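# Close look at the chain arrangement
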Amino acid sequence: MIVKDVTFAVEALSLPASERAALARLLVDNLESDSHSDQAVRKDLQLRFHNLRSGEDPGMTFDQVFGETLSRPSFHRFSNRTC
């Protein structure tokens, strides 16, 4: 995989050796403990989507998903910027 977020890569590579090693161990451990295959994840997502469309799962409102985030002062500090 090509690293698309160069900023993240540069930041990770600028860490002291001990912290880079800890990050590497964390990433490798995550790979080893990930028992979900792409097929299993796809099947789960299809079931969730079916349940949402059928009404079996009512889903969440915008406020339920973003309410806490929108009320944080840090969100408002950056949301008023123009591009």
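### Brief notes about the overall build of the protein
Across its full length, the protein holds five helices and zero strands. Reading the helices (α) and strands (β) of the protein from amino to carboxyl end gives α-α-α-α-α. Counting over 83 residues, the protein shows a buried share of 4%. Of the accessible surface of the protein, which amounts to about 8000 Å², a share of 59% is contributed by carbon and sulfur atoms.

### A few points about the pattern of salt bridges
One pass over the full model with this rule turns up one salt bridge. The partner of Arg 48 in a salt bridge is Asp 44, with the nearest N and O atoms 3.1 Å apart. Placement of both Arg 48 and Asp 44 in helix 3 (residues 38-54) is noted, with a separation of four residues, approximately one turn of the helix.

### Some details on helix 3
The end-to-end C-alpha distance of helix 3, which contains 17 residues, comes to 24 Å, matching closely the 24 Å that a straight helix rising 1.5 Å per residue would cover. A positive backbone phi angle near 90 degrees is found at Gly 55, which sits one or two residues after helix 3.

### Focus on the packing of aromatic side chains
The full count for this structure, using the stated rule, is one aromatic pair. Taken together, a centroid distance of 4.9 Å and an interplanar angle of 40 degrees make the contact between Phe 62 and Phe 66 tilted. Linking Phe 62 with Phe 66, this pair stays in helix 4 (residues 62-71), spanning four residues, or about one helical turn.

### Looking at the confidence of the model for the protein
Across the protein, the average pLDDT comes to 80, with 76% of residues at or above 70. Ranking the elements of the protein by mean pLDDT puts helix 5 (residues 73-79) last with 57 and helix 3 first with 91.

### Notes on the side chain of Asn 51
Inspection of the secondary structure puts Asn 51 in helix 3. Given the relative accessible area of 17%, Asn 51 is considered buried. Beyond its immediate chain neighbours, meaning those up to four positions away, Asn 51 contacts Glu 56 and Asp 57.

The rules behind the values
Residues numbered from 1 in each chain as written. Predicted model: local features only at pLDDT ≥ 70, side-chain atom pairs only at ≥ 80, totals over all residues. Heavy atoms only, no water. Helix = DSSP H or I, 4+ residues; strand = E, 2+ residues; numbered from the N terminus. Buried < 20%, exposed > 50% of the residue type's maximum accessible area, 1.4 Å probe, protein only. Areas by Shrake-Rupley, 256 points an atom, 1.4 Å probe, with all protein chains shown as cover. Salt bridge = Lys/Arg side-chain N within 4 Å of Asp/Glu carboxyl O. Expected span 1.5 Å × (residues − 1). Phe/Tyr/Trp six-rings, centres within 6.5 Å; stacked < 30°, edge-to-face > 60°. pLDDT = per-residue confidence, 0-100. Contact = heavy atoms within 4.5 Å.

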